[in-house]
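# Commentary on secondary and tertiary structure
Letter by letter, the chains look like this.
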Amino acid sequence: MISVEEARERLLAARPAARTEVLALVNARGRVPSPTAITAPVDVPPFANSAMDGFAVRAADLPGRLRIGGESAAGAARLPDVVPGTAVRVSTGAPLPPGADAVVPIEQATVIDGEVEIAAAVQTGNHVRDTGHDTRAGERVELPSPLTPAGIGVLASLGLAEITVVARPRVAVLSSGEELTPPGETLAAGRIYDANTPALVAAIAEAGGEPVEQPRVGDDPAAVAAALTTAAETADLVVTSGGVSVGAHDHIRDAIRRLGRLDFWRIAMQPGKPLAVGEIGGTTVIGLPGNPVSALVVSELLVRPLIRAVLGLPGDGRAHLPAVLDEEVGKDPERAAYLRVALRQTDAGWNAHPAGGQLSSQLRALAAADGLLVVPIGEPAGRAGATYDTMVLRD
Ligand code: AMP
Ligand code: MG
């Protein structure tokens, strides 16, 4: 058995190469810019302008009474000069007229017969936004990664309509099992609904990948091989569920072995011990266990960081916090347990309570959980009152 950490390192070491694509800014939120810094092509703002509605003046003329020599509105290209003894009306964002070195807000001015009375002195530069005070042309601009609304605003303010981002890795999702029926259809005897396909599609999208849903496949070796071949040709990464155990109807492992190369790993984690990892035609295939909790927790711990690594994002992108388990929960001492827990903040810190049954077929508890509490290898149980690292599953 290998540890979760080792499994993650091995997967990351063989990760698919990243591609890039060019997107319109409006479609780039949450995407990873490539590169993550750009050189500003222009000054922002491109000209000195007024930060207030008021009067552009020469500071040396004040306090005093000035003749109003014209107006500079936002968007104006031609401006009246502010000659000594005059002021020019300005609106917020209007270019600072030549000759002016300060702006007096309208609230501090009294207009009488084409003249303006300003009672107080002003400092040079008052309410003036200098050229490039946000960004200078030629400056290196670090972009937030993934891109935020503010980051997109910065790009737009620089006049850029598009941005190059890392393409989402295409992840084929292939569920296997003769018993699986698509949700929405009537269940025949002995059948269950396929929970893994929609759940894994959602998990992959949440991690930043582009899920490519494959038609479900039954427990027929030839059909499994054909489905895997198609999936590997379609995608940067293939994630399957089911069919990786030792049962007579588990064909995913054999198919990977025959079509490419198989590394079978037993991971020292609970839920989710068996994992078939391999490669078909150069595409990494991750064969998750079929039990829905196992499939999703292993995906969370291994597929999510892998997708993030392809995107150039670090770690799992989850918050980790110490939480006190409030109830004893038994486990296999040889494996790390990822308990599905509800978190509650108390005066003493975070309290963790099992969010429901901890069997790998009890998906409701995972849906109810705020986090995965990790009881390390070596411990026979999660002990009531002990503090454990807990990975938060919610934003
Ligand atoms: P397997 O790994 O194929 O032996 O499946 C283990 C358990 O998970 C069995 O009880 C399956 O019925 C169940 N299972 C497998 N795939 C799915 C799926 N896509 N949705 C819901 N349950 C599944
Ligand atoms: Mg099966």
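On a predicted model such as this, the values are computed, not experimentally measured, just so you know.

### Comments concerning the sheet that holds strand β7 (residues 102–105)
The strand order across the open sheet built from 6 strands is β7-β4-β6-β5-β9-β8, with neighbouring strands paired in mixed fashion. In this open sheet, the two edge strands, each paired with only one partner strand, are β7 and β8 (109–112). Strand-to-strand twist of the sheet, defined as the mean angle between neighbouring strand axes without regard to direction, takes the value 40°. Pairing between strand β4 (residues 54–57) and β7: 4 bridges, direction antiparallel. Bridge assignment links F55 to a residue of β7, and that residue is V104.

### Comments concerning helix α1 (residues 4–13)
Among the residues of α1, those classed as buried are V4, A7 and L11. Along the axis of α1, the buried positions cluster into a sector of 65°, meaning they face one direction only. Exposed and facing more than 90 degrees away from the buried side of α1 are E9 and A13. Taken together, the buried residues of α1 touch β18 (261–266), β19 (269–270), β20 (274–280), β21 (283–288), α6 (292–311) and β24 (336–346).

### Quick word on the nonpolar core
Judged by nonpolar contacts, the single largest core of 40 residues is most densely connected at I267, L275, L302 and Y338. Counting residues per element, this core draws most heavily on α6, at 11 residues. If near-sequence neighbours (up to four positions away) are discounted, I267 is found in contact with M1, I2, S3, V4, A7, G272, K273, L275, L302 and R335. In this structure, A232, A255, A276 and I280 belong to the second largest nonpolar core, which totals 18 residues.

Parameters and conventions
- Residues numbered from 1 in each chain as written.
- Chains lettered and ligands numbered in written order.
- Predicted model: local features only at pLDDT ≥ 70, side-chain atom pairs only at ≥ 80, totals over all residues.
- Heavy atoms only, no water.
- Pairing = 2+ DSSP bridges.
- Helix = DSSP H or I, 4+ residues; strand = E, 2+ residues; numbered from the N terminus.
- Axes fitted to C-alpha atoms, helices over the stretch in contact; angles between N-to-C directions.
- Buried < 20%, exposed > 50% of the residue type's maximum accessible area, 1.4 Å probe, protein only.
- Arc of directions from axis to C-beta.
- Contact = heavy atoms within 4.5 Å.
- Core = buried A, V, L, I, M, F, W, Y, C linked by side-chain atoms within 4.5 Å.

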